[in-house]
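Here are the chains, one letter per residue:
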Amino acid sequence: MRSLNPIFGKTVHSIGLHVRSQGDSQSDNKVMDNVTVRQGETVFLSCSQGDVVTHTAWLNRSSILYAGVDKWSVDPRVSLVTFNRDEFTIKIENVDVSDEGLYVCAVQTSSRPRTTFVHIIVQVPPKIIDFSKDMVVNEGTNVTLMCLANGKPEPAINWRVHSLSDDEYLDIPSISRHKAGEYECMAANDIAADTRTLRLVVNYPPSVLGGRDIGVTLGQRGVLQCEADAVPAATFEWYRDDRRIFNGFDGIEINDSGTFSKLTLFNVSETDYGNYTCVAINKLGSANTSIVLYGMPSFTCGILYTNLNM
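Remember, predicted model here, so these are calculated numbers, not experimental data.

## A word on the overall build of the protein chain
Per the secondary structure count, the protein chain includes two helices and 25 strands. Within the protein chain, the fraction of its 310 residues that count as buried is 38%. Within the protein chain, contacts between residues at least 6 apart in sequence are counted, and of these 63% link residues at least 24 apart. For the protein chain, the computed accessible surface area is about 17,500 Å², with 48% contributed by carbon and sulfur atoms.

Structural data, given as structure tokens:
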């Protein structure tokens, strides 16, 4: 872009918001309101002309955009909208942050110069640029989640989960299993909002719910059940006294499903009665519970009939 000097004999500098020209006392200067535009939109810059105008131009940062109908800017987004005795209007399409700043409409008449100042403010919707990935941690670990965003105005950061935080970094000291789940970060300003979500998995060792002792009649089916809470999910082992029991051993069936394990004895005998131990195991530890299988008295129809006739 070329300097303004050959046309008006002086250079105009970008000097910030709400500025007034420091030209001679014969100049007519006007400060326009700030123009706020969103990134990607089109902005129109207009100033009045009047009679006996000898030269006129729109400038930005000491560079000429348009001198009358002649385009000096090499930016294809800048174009002339209206140029006549009353109005001189240009537009800038697909506005970006680099377009923000002071713009000057300089009009030279036969008697004195006249300048109009306008400051463009470009607003940018938030965009999260750096965000923690899904995490798997062990219970008791100190965890820091990160959510960095840019935008204009500067976006506010909010974390949404078990509690709220307005910091770019969310610190969770000595995390517990109850803090596992999805964490959502929202970056928001006056324009829009951007959100990202991560999943936080908290590993912890098994805990086994208390087993319930079972009474079974000889020859009947006995079912022992064991439930464990663990992340990652626990695997199960069954023991009779100190001897491990495997699926299919002596007609015993072991079936694991999620957090449950079930041991089934299809034809209970005297030797089956006793103490059974269920052990739940994952990489962080193990837990166990004991279940007693005990005998129940059996009643025959004859005994029942005799008792009813006594």
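## What about the state of the cysteines?
Taken as a whole, this structure holds three disulfides when the rule is applied. A disulfide bridge connects cysteine 47 with cysteine 105, and the sulfur atoms are separated by 1.9 Å. Of this pair, cysteine 47 sits in strand S3 (residues 43-48) while cysteine 105 sits in strand S9 (residues 101-109), and the two are 58 residues apart along the sequence. Assessed through its relative accessible area of 1%, cysteine 105 is described here as buried. Disulfide partners in the protein chain, listed by the sequence order of the bonded cysteines, are 1-2, 3-4, 5-6.

## As for the nonpolar core
Ranked by internal contacts, the top residues of the largest apolar core, which has 23 residues, are Leu224, Trp238, Ile245, Leu263, Leu265 and Leu293. Counting only elements with at least two residues in this core, the list comes to strand S18 (214-216), strand S19 (222-231), strand S20 (235-240), strand S22 (252-257), strand S23 (260-265), strand S24 (274-282) and strand S25 (285-295). Sort the elements by how many residues they give to this core and S19 lands first, with four residues. Each residue touching leucine 293, except ones within four places of it in the same chain, is listed here: Ile214, Val216, Leu224, Leu265, Val268, Asp272, Tyr273, Gly274 and Tyr276. Counting 19 residues, the second-largest nonpolar core is a separate cluster that includes Cys47, Ile92, Val118 and Val124.

## Some remarks on the pairing of strand S16 (residues 181-188)
Relative to S16, strand S13 (residues 156-160) is paired through five bridges, and the arrangement is antiparallel. Bridge pairing in S16 places alanine 156 opposite alanine 188. Across eight bridges, S16 lies against strand S17 (residues 193-208) in antiparallel orientation. Its bridge partner lying in S17, glutamate 184 is registered against threonine 197. In sequence, S16 turns back onto S17 through a hairpin of four residues.

## Side note on the pairing of S17
In this structure, strand S11 (residues 135-138) lies alongside S17, joined through four bridges in parallel fashion. Bridged to methionine 135 within S17 is leucine 200. As defined by bridge partners, S17 adjoins S19 across three bridges and the pair is classed as antiparallel. Across the sheet, the residue bridging to valine 208 is alanine 228, located in S19.

## Comments concerning the sheet that holds S3
With antiparallel pairing, three strands are arranged side by side in an open sheet as S3-S8-S7. Taken across any chain shown, the strands that pair with only one partner, and hence form the sheet edges, are S3 and strand S7 (78-83). For this sheet, the mean angle separating the axes of adjacent strands, direction not counted, is 20°.

## Concerning the pattern of salt bridges
One pass over the structure, following the stated rule, counts six salt bridges. Across the pair arginine 77 and aspartate 99 runs a salt bridge whose closest N-O atoms are separated by 2.8 Å. Taken together, the positions of arginine 77 in the loop between strand S6 (70-71) and S7 and aspartate 99 in the loop between strand S8 (87-92) and S9 put the pair 22 residues apart, joining distant regions of the chain. In this structure aspartate 99 comes out as buried when scored by relative accessible area, which is 8%. Among the ionic pairs, glutamate 139 bridges to arginine 177, the shortest N-O distance being 3.0 Å. Of the two residues, glutamate 139 is situated in the loop between S11 and strand S12 (143-152) and arginine 177 in the loop between strand S15 (169-172) and S16; the sequence distance between them amounts to 38 residues. Take arginine 177: its relative accessible area is 27%, and that puts it in the partly exposed class. Salt bridges sharing partners connect three or more residues here, namely Asp75, Arg77 and Asp99.

## Digging into the packing of aromatic side chains
Inspection of every chain in the model, using the stated rule, returns two aromatic pairs. Judged by centre distance (5.1 Å) and plane angle (85°), the ring pair of phenylalanine 83 and phenylalanine 88 falls under edge-to-face. When its relative accessible area of 35% is taken as the criterion, phenylalanine 83 is described as partly exposed. Residues phenylalanine 131 and tryptophan 159 carry aromatic rings whose centres are separated by 5.8 Å and whose planes lie at 20° to one another, so their mutual orientation is stacked. In this pair, phenylalanine 131 is assigned in strand S10 (residues 113-131) and tryptophan 159 in strand S13, connecting sequence segments 28 residues apart. An identical accessibility class is assigned to phenylalanine 131 and tryptophan 159; each is buried.

What counts, and where the lines are drawn
Residues numbered from 1 in each chain as written. Predicted model: local features only at pLDDT ≥ 70, side-chain atom pairs only at ≥ 80, totals over all residues. Heavy atoms only, no water. Helix = DSSP H or I, 4+ residues; strand = E, 2+ residues; numbered from the N terminus. Buried < 20%, exposed > 50% of the residue type's maximum accessible area, 1.4 Å probe, protein only. Contact = heavy atoms within 4.5 Å. Areas by Shrake-Rupley, 256 points an atom, 1.4 Å probe, with all protein chains shown as cover. Disulfide = S-S within 2.5 Å. Core = buried A, V, L, I, M, F, W, Y, C linked by side-chain atoms within 4.5 Å. Pairing = 2+ DSSP bridges. Axes fitted to C-alpha atoms, helices over the stretch in contact; angles between N-to-C directions. Salt bridge = Lys/Arg side-chain N within 4 Å of Asp/Glu carboxyl O. Phe/Tyr/Trp six-rings, centres within 6.5 Å; stacked < 30°, edge-to-face > 60°.

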